[in-house]
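Structural description and commentary
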Amino acid sequence: MFIATAVVSVVLAALLLVSAHGKLTREPKQMQTLKNVCVPEDKVWLLATAEIAGAAGLLAGLFWWPVGAAAGIGVVLYFIGAVAAHLRVGDKRIAPAAIILVLAVAALAGRLLTS
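Residues numbered from 1 in each chain as written. Predicted model: local features only at pLDDT ≥ 70, side-chain atom pairs only at ≥ 80, totals over all residues. Heavy atoms only, no water.

Along the protein, the regular secondary structure elements total five helices and zero strands. Compactness check: the protein gives a C-alpha radius of gyration of 14 Å against a globular reference of 13 Å for 115 residues, within 12% of the reference. Dimensions along the principal axes, computed over C-alpha positions, put the protein at roughly 40 × 25 × 20 Å. Restricting to contacts in the protein with at least 6 residues of sequence separation, those with at least 24 account for 67%. Summing over all exposed atoms, the protein offers an accessible surface of approximately 6,500 Å²; the carbon and sulfur share of this is 76%. Of the side-chain charges in the protein, 9 are positive and 5 negative, and the distance between the mean point of each set is 5 Å. (Helix = DSSP H or I, 4+ residues; strand = E, 2+ residues; numbered from the N terminus. Rg over C-alpha atoms; globule rule 2.2 N^0.38 Å. Contact = heavy atoms within 4.5 Å. Areas by Shrake-Rupley, 256 points an atom, 1.4 Å probe, with all protein chains shown as cover. Lys, Arg positive; Asp, Glu negative; His and termini not counted. Charge placed at Lys NZ, Arg CZ, Asp CG, Glu CD.)

Structure below.
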């Protein structure tokens, strides 16, 4: 079970870092999506910081389970917010956020079951 948790955590951490990179470099597609869900452009760095912290916590959590559990909870909450932000404005393109949410739930469950 730990191997599955590690794989999911590493994949999720990589996705979070790619997403944070896109926000920090102001990748046009990401910026348009954030604009569509009413995220102020001057606050995008906060989302990127949360994603980087989540990735770091997931990876550190492979060595100390409480950190992984806390990071998992944070990432799950982050992506619940992301899905809600899309739904709030009527944007039906929630698949990327929903898929990452499912991965975050899997990482959290795995971390809690292998503590």
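On we go.
Right, let's get into the side chain of T5. Secondary-structure assignment places T5 in helix α1 (residues 2-24). Those residues within four positions of T5 in sequence are excluded, and the remaining contacts are L62, A107, G110, R111 and T114.

Another aspect to go through is unusual backbone geometry. A positive phi angle is found at R26, which is not glycine, with a value near 55°. Mapped onto the secondary structure, R26 falls in the loop between α1 and α2 (28-36). Note on R26: relative accessible area 37%, which makes it partly exposed. Although it is not a glycine, C38 adopts a positive phi angle of roughly 70°. Looking at where C38 falls in the secondary structure, it is placed in the loop between α2 and α3 (44-60). (Buried < 20%, exposed > 50% of the residue type's maximum accessible area, 1.4 Å probe, protein only.)

Right, let's talk about the environment of L103 for a bit. Counting through the fold element by element, L103 comes out in helix α5 (residues 95-113). Given a relative accessible area of 22%, L103 falls into the partly exposed group. Along the chain, L103 and L58 lie 45 residues apart, while their C-alpha atoms are 12 Å from each other. Other than its neighbours up to four places away in sequence, L103 contacts V8, L12 and L15.

To continue, consider the nonpolar core. One finds L12, L16, L58, V75 and F79 to be the most contacted residues of the largest nonpolar core, which totals 18 residues. Those elements that place two or more of their residues in this core are α1, α3, α4 (65-88) and α5. It is α4 that contributes the most residues to this core, seven residues altogether. Beyond its immediate stretch of four places on either side in the chain, F79 contacts L16, E51, A97, I100 and L101. (Core = buried A, V, L, I, M, F, W, Y, C linked by side-chain atoms within 4.5 Å.)

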